[in-house]
Amino acid sequence: MEIIRRNPLVASQRAAEALGRIRSRMSTLEEQATSGVKFDKPSEAAGEWTAIHALRATRADQDVYDRNISRIRDMIDAQDTALGSTATVIKRAIERAVQMGSGTYSDADRIRTAGEAAQLREEILALANSRLDGKAIFAGDAWDGVAFDPAGVYQGAAATSKVQVAQDQSIQMMTDGSAAFQGTTDVFQALSDFETALASGSAAAVQTSLGSLQGAYRQVVEARQEVGFRQMRVMDAEVIGDSLSGLLDERIAATLEADPIDVFTELSALRTSYEAALQVTAASSGAKLFDFLR
Amino acid sequence: MSLFDNLRTGYTGLRAASAGIRVTTQNVTNASTPGFTRRTLEQSVRPPVQTRGGLWVGAGVQVDRIGRAANPMLFNRVLLSGGRAGMANAAQGALSSAENLFETTNGMGLRESIDGFFDSLASATADPGDFGRRQEVLVAAGRMTSTVRTVGQGLNQAIAEEDDALAAQFDVINADLAEVADLNRQIIEAAGVTTPSDLADRRDQIITRLSDKIGASAHIEADGSATVLIGGHAAVSDVTARTINAVFSPTAPPQITISVGQGVADITQEVEGEVGGRIAAREVLTSWLGDLDALATGIRTEMNTRHAAGFTAGGTAGGALFTTPPTGSSAAGISVAITDVDDLAFASANTGLPGDQGNLASLIAGGTAAVLGGKSFGAATTDLTSLVASDTRKWQIESGSADAAAADAEQVFSNFTGVDLDQEAVELVRYQAAFQAAAKVIQVTDDMLGDLMSIIR
């Protein structure tokens, strides 16, 4: 019969290795419990880095898009508000033109009202030169200067600047004031013509200027529609971004973060195993036939 | 046969039992001595003697030799598995340490730093002329190059450390080979006089250490000497040891050679043990560094080309965005070439317009361009991280299974050659009983002689 020999040196080495394995796993779990992270070395998640990096990269991208959306939304909102106010001012001019073009008012009334038309023009010029965070909102890419000079001549540039709001989506941030205020109809010229017509006291001249004012109104409303369209795209990007962020956070938590319940349960079980292994090791190392010799 | 013969016969029993107790004592006291092989008492019946009446009667017991529970086949299993475990553990240790360079607990690894740079460019689209946004781009570029540099320098350092650790092995290895040859000589010389078990234990222990260091096998010759084979070559034969060395070159991986006649033979691919593990780890680390250098060079080339196509805030053509050293590791020396935010060439034309970001779009597109073997910088970095993960994991698994195989071989070897205290306790009782019985025989014989003497009185 073959004798199974148990050498104390080899036995103690095996016991130390077995205890070391338990301690090593306990150490990993303790690290997970304190950091909250499941993996912190490439080899701990071999084969999963494409997914992990994609998740992290997409989440980081989304943070940038969120900041960009916040920025562009404020800018487009400002443009929308300014164009809305401009439309209101032009509408008031149209109403005055309708009133003053009728036979109800005298030539003297019309001449007195000319100053009001000049004020409306100044009001629109101020709206066209609105600034947000120091940027002229209708100056296109040349936002560091003014959009229009006092004569109503466009000083800005074309609006080519686009802000990235999603992986493959960029939205134009600025508005080209020359298109909004001086496209088919020059808004400032229309108001100047209205003022001139009023100053002449001629009802017919005022009626003639009404057409230009109505054209200016349509143009500004159309410009506002275009801004509104961009506003909707920003809102869509924001809604999709919020939804994606939530989804990504959930997946990141599931993929990368250590589950405290799992970690503490396994840690507790390992501590019990470790204590049991220590006792078994001590017991098996101690008992010898020599103990029974007299 | 006389009563005196009976006394002599009993005496042989006492001597044999006494020798058995000494062997047991030696075994018990060395039970935990590394490299000690269990001793066994080999005894046999003494040749019978013929009485005057022509009868052949027994003459007691004789101790033939104190044997050593050696087993060359199991010993070679220990050597083989030890060499493989030494190799796997050394490679695993080096790679596990180096892999930490690629990822951090807070997720700010290599890939994140590259993504961070391109994200800062995307963030700048909201206001390309803004100082803060431009500063953010420069900071992110600096963080990216710093991370690439840290990983590159870390890998270069790890390779240098492997070379240093490798170089430090050979004085010990060659001293061990020389000692094995010397022990062979002592064993051959002692063989005719006594049983050189202690010398053999010492020699086998050194061969085991050699196997852990460089991978070795042993063949025990008829004269008791051991031929030690390393990389298929006899590193020790009879009383002669050959020299093993590492040859380092700045342009090639280290070469492990063994002296053969007037020349040397290359055994780099054959060695195992710690040396083999360090060679393997160095090869893997060099491959990682190669990929990282390609990444650094790719970033410099692609992004500089795109940057040069644009115009700065001051209206001048874009200069280099990144630099790498002209020689050596690109990754270990990559840095940002500009320090002034106004030198970032985001504009597509020399217009000076703050909203001109035509070239910024091109720079952002650089992040997804298929540059490195048809892959973007991010994808190539993920591939590299995955490679690091799988290479390290492979050696971790190899280390685990090699350790288990080595432990198994040691267990089997120990089962044959090791001291078991329970067995020794039984042996002790057995020899004690034999001693007491032999003593009783002598006492009875002495009583009989006493009876005879009393008749004479």
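Only a predicted model underlies this, so the values are computations on that prediction, with no experimental measurement involved.

**Thoughts on the overall build of chain B**
A tally of regular secondary structure across chain B gives 11 helices and 13 strands. Relative to its length of 457 residues, chain B is extended, with a C-alpha radius of gyration of 37 Å against a globular reference of 23 Å. Seen along its three principal axes, the alpha-carbon backbone of chain B occupies a region of about 145 × 50 × 30 Å. Burial statistics for chain B: of 457 residues in total, 48% are counted as buried. Excluding contacts between residues fewer than 6 apart, the proportion of contacts in chain B whose partners are at least 24 apart in sequence is 69%. Accessible surface computed for chain B: about 20100 Å², of which carbon and sulfur atoms make up 55%. In chain B, which carries 32 positive and 52 negative side-chain charges, the distance between the mean positions of the two groups comes to 10 Å.

**Some thoughts on helix 11 (residues 421-456) of chain B**
Spanning 36 residues, helix 11 of chain B covers 52 Å between terminal C-alpha atoms, matching the ideal 52 Å at 1.5 Å per step. Within the sequence span of helix 11 of chain B, burial applies to B:L421, B:Q423, B:E424, B:A425, B:E427, B:Y431, B:A438, B:T445 and B:L449. Buried residues along helix 11 of chain B sit against helix 1 (8-35) of chain A together with helix 1 (3-29) and strand 1 (39-45) of chain B. The opening residue of helix 11 of chain B is B:D420, an N-cap whose side-chain oxygen sits 3.1 Å from the backbone nitrogen of B:D422.

**Side note on the sheet that holds strand 9 (residues 244-247) of chain B**
Residue and element names in this part refer to chain B. A sheet is described by the order of its strands in space; here three strands give the open sequence 9-10-11, paired in antiparallel fashion. Each edge of the open sheet carries a strand with a single partner, namely strand 9 and strand 11 (263-266). Neighbour to neighbour, the strand axes of the sheet diverge by 40 degrees on average, direction disregarded. Note that strand 10 (residues 255-260) and strand 11 share four bridges and pair antiparallel. Within strand 11, the position partnered with I258 by the bridge is A265. Relative to the sheet, helix 5 (residues 169-191) contacts strand 9 and strand 10, its axis offset from that of strand 9 by approximately 160 degrees.

**So, the interface of chain B and chain A**
Of the residues lining the interface, 57 residues belong to chain B; the matching set on chain A comes to 46 residues. Counting the surface lost from both chain B and chain A, the interface buries some 4300 Å², and carbon and sulfur atoms represent 55% of this. At the boundary of chain B and chain A, one finds five salt bridges. With a shortest N-O distance of 3.1 Å, B:E112 and A:R56 are connected by a salt bridge. Inspection of the region where chain B meets chain A yields 14 residue pairs in polar contact (both at pLDDT 80 or more). Going through the elements one at a time, helix 3 (110-124), helix 4 (131-167), helix 10 (377-417) and helix 11 of chain B are the ones with two or more residues in the side of chain B that touches chain A. The element that contributes the greatest number of residues to the side of chain B that touches chain A is helix 10 of chain B, accounting for 15 residues. Residue composition of the side of chain B that touches chain A, by class: 20 nonpolar, 21 polar and 16 charged.

**Describing the pairing of strand 10 of chain B**
Pairing of strand 9 of chain B with strand 10 of chain B involves four bridges; the strand directions are antiparallel. Residue pairing in the sheet places B:I244 in a bridge with B:I258 of strand 10 of chain B.

**As for unusual backbone geometry**
With a phi close to 50 degrees, A:D133 is a non-glycine residue in the positive phi region. Take A:D133: it is sitting in the loop between strand 1 (131-132) and strand 2 (135-136). Here B:D238, not a glycine, exhibits a phi torsion of approximately 60 degrees, which is positive. Looking at the element boundaries, B:D238 is found in the loop between strand 7 (233-237) and strand 8 (240-241).

**Points about the pattern of salt bridges**
All names here are of chain B. Enumeration over the complete set of coordinates arrives at 39 salt bridges over all chains. As a salt-bridge pair, D201 and R68 come within 2.7 Å of each other at their nearest N and O atoms. On the criterion of sequence distance, the pair formed by D201 in helix 6 (residues 197-214) and R68 in strand 4 (residues 61-68) is long-range, its members being 133 residues apart. Across the pair, exposure class does not vary: D201 and R68 are buried alike. D408 is paired through a salt bridge with R77; the nearest N and O atoms lie 3.4 Å apart. Of this pair, D408 sits in helix 10 while R77 sits in helix 2 (residues 72-99), and the two are 331 residues apart along the sequence. Residues joined by salt bridges that share partners form a network here, namely R39, R68, D198, D201, R203 and D204.

**A few points about the sheet that holds strand 5 (residues 217-220) of chain B**
All names here are of chain B. With respect to topology, four strands assemble into an open sheet ordered 5-6-7-8, the strand pairing being antiparallel. Looking at the sheet topology across the chains shown, the edges are occupied by strand 5 and strand 8. Strand direction decides the pairing type here: strand 7 and strand 8, joined by two bridges, are antiparallel. Bridged to V236 within strand 8 is A241. Helix 6 contacts strand 5 and strand 6 (226-230) of the sheet and is inclined by roughly 5 degrees relative to strand 6.

Cut-offs used in this document
Residues numbered from 1 in each chain as written. Chains lettered and ligands numbered in written order. Predicted model: local features only at pLDDT ≥ 70, side-chain atom pairs only at ≥ 80, totals over all residues. Heavy atoms only, no water. Helix = DSSP H or I, 4+ residues; strand = E, 2+ residues; numbered from the N terminus. Rg over C-alpha atoms; globule rule 2.2 N^0.38 Å. Buried < 20%, exposed > 50% of the residue type's maximum accessible area, 1.4 Å probe, protein only. Contact = heavy atoms within 4.5 Å. Areas by Shrake-Rupley, 256 points an atom, 1.4 Å probe, with all protein chains shown as cover. Lys, Arg positive; Asp, Glu negative; His and termini not counted. Charge placed at Lys NZ, Arg CZ, Asp CG, Glu CD. Expected span 1.5 Å × (residues − 1). Polar contact = N/O pair within 3.5 Å; in protein donor to acceptor, adjacent residues only side chain to side chain. Pairing = 2+ DSSP bridges. Axes fitted to C-alpha atoms, helices over the stretch in contact; angles between N-to-C directions. Buried area = accessible area lost by both parts, 1.4 Å probe. Salt bridge = Lys/Arg side-chain N within 4 Å of Asp/Glu carboxyl O. Nonpolar A, V, L, I, M, F, W, Y, C, P; charged D, E, K, R; others polar.

These figures capture arrangement, not role.
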